[in-house]
Amino acid sequence: MNETTQVEVAREFSVARRTNGFMTAHALRKLETIADAYRLQGRVRDELGAKVVGWKVAAPPSADVISAPLFDIECLASDAVLANAALLRDGIECELAFRIDRPLPLGGCTRDDVITAVGAVMPAFELLCSRLPSKFASPREHIVADGMGHGAVVLGAPCHDWRTLELDKLRVTLWADDALVVDKQGGNPFGDPLRAVALLADHLARRGHALEAGNFVLAGSHTGVHRARPGERLRCLFEGVGQVALTLSKAEEQNHAGR
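Because the structure is predicted, anything quoted here is derived from the model rather than measured. (Residues numbered from 1 in each chain as written. Predicted model: local features only at pLDDT ≥ 70, side-chain atom pairs only at ≥ 80, totals over all residues. Heavy atoms only, no water.)

Colleague: Residue-level account of the sheet that holds strand S5 (residues 92–100), with values.
Modeller: Taken together, seven strands build an open sheet; the order of strands is S2-S1-S10-S5-S6-S7-S3 and the sheet is mixed. On the outer flanks of this sheet lie strand S2 (66–71) and strand S3 (75–77), each paired with one strand and no other. Along the sheet, successive strands turn relative to each other by an average axial angle of 30°, direction set aside. As paired strands, strand S1 (residues 52–58) and S2 are joined by six bridges and run antiparallel to one another. Within S2, the residue paired with Trp55 across the bridge is Pro69. (Pairing = 2+ DSSP bridges. Helix = DSSP H or I, 4+ residues; strand = E, 2+ residues; numbered from the N terminus. Axes fitted to C-alpha atoms, helices over the stretch in contact; angles between N-to-C directions.)

Colleague: I'd like to hear about the nonpolar core, residue by residue, with values.
Modeller: One finds Phe98, Leu104, Phe125, Leu127, Leu211 and Leu246 to be the most contacted residues of the largest nonpolar core, which totals 48 residues. Looking at this core element by element, the count peaks at seven residues for helix H6 (residues 193–206). If sequence neighbours within four positions are ignored, Leu211 has contacts with Trp55, Ile100, Leu104, Val197, Leu200, Ala201, Leu204 and Val217. Listed in part, the 22 residues of the second largest apolar core include Met23, Tyr38, Val44 and Leu48. (Core = buried A, V, L, I, M, F, W, Y, C linked by side-chain atoms within 4.5 Å. Buried < 20%, exposed > 50% of the residue type's maximum accessible area, 1.4 Å probe, protein only. Contact = heavy atoms within 4.5 Å.)

Colleague: Got a sec to walk through the environment of Gly214? Specific residues and values, please.
Modeller: Locating Gly214 in the fold gives a position in the loop between H6 and strand S10 (216–221). With 114 residues separating them along the chain, Gly214 and Ile100 place their C-alpha atoms 5.5 Å apart. Discounting chain neighbours no more than four positions away, the residues touching Gly214 are Val53, Arg99 and Ile100.

Colleague: So what's going on with the sheet that holds strand S9 (residues 179–185)? Residues and values would help.
Modeller: Two modes of strand pairing occur in sheets, parallel and antiparallel, and in both the strands are linked by backbone hydrogen bonds. With respect to topology, five strands assemble into an open sheet ordered S4-S12-S11-S8-S9, the strand pairing being mixed. With one partner strand each, in any of the chains shown, strand S4 (80–82) and S9 form the two edges of the open sheet. Pairwise comparison of adjacent strand axes, ignoring direction, gives a mean angle of 15° for this sheet. Of the strand pairs in this sheet, strand S11 (residues 233–238) and strand S12 (residues 242–248) are connected by six bridges, and their pairing is antiparallel. If you follow Leu234 over to S12, its bridge partner there is Leu246.

Structure follows, in structure tokens:
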């Protein structure tokens, strides 16, 4: 992908991200390699005028980990009221966010390195909003260029006394209003979420990047994907860590806000 094409495709991605719209098949046909996809992430950040405050990581079956930067303009605090339901049109996930306070090795990162570097753990919601016509069934390079379908993140209060917790055995509950939706004990797709942070650190180092102090890492869903309804109040509790909450505006309020 040449320079001119990268600028054009990045501009279309940034517009889709601002408006919660969709990419055209014509633009996506120009994107063929994973290297181009990662370069587009940086160009989209520049187009949006955003600052990188975190990262998300995933491990597709039979493939290397993939990652995407998280931007300051898409971060919300717990107990926020969300007027724009499009930000979670593809669902919402309950995750742990790990705040990096100290540098990690640039390669060969271990679980012990992560334990030393992480200053706090936060309960979090990730809101999913793919801009791709085929959503998460799209080619890997398209998913990466789209920020892995990230819409926004909602962060709960930081827990500093987390090192005695067995993060791969945590109990997590998700409530929609007064209804219990999920009651589960265990880890995320990585098993131990600290492993996800170590793999991300190595992945970024290979690409010439590093997790900076103050960045946080979304390490994968502990609950799968929940489809929320307008007007719901969602509350997720990670036992020993804390809770995060989000209220969705009612449909008529969302329609009014969009006029």
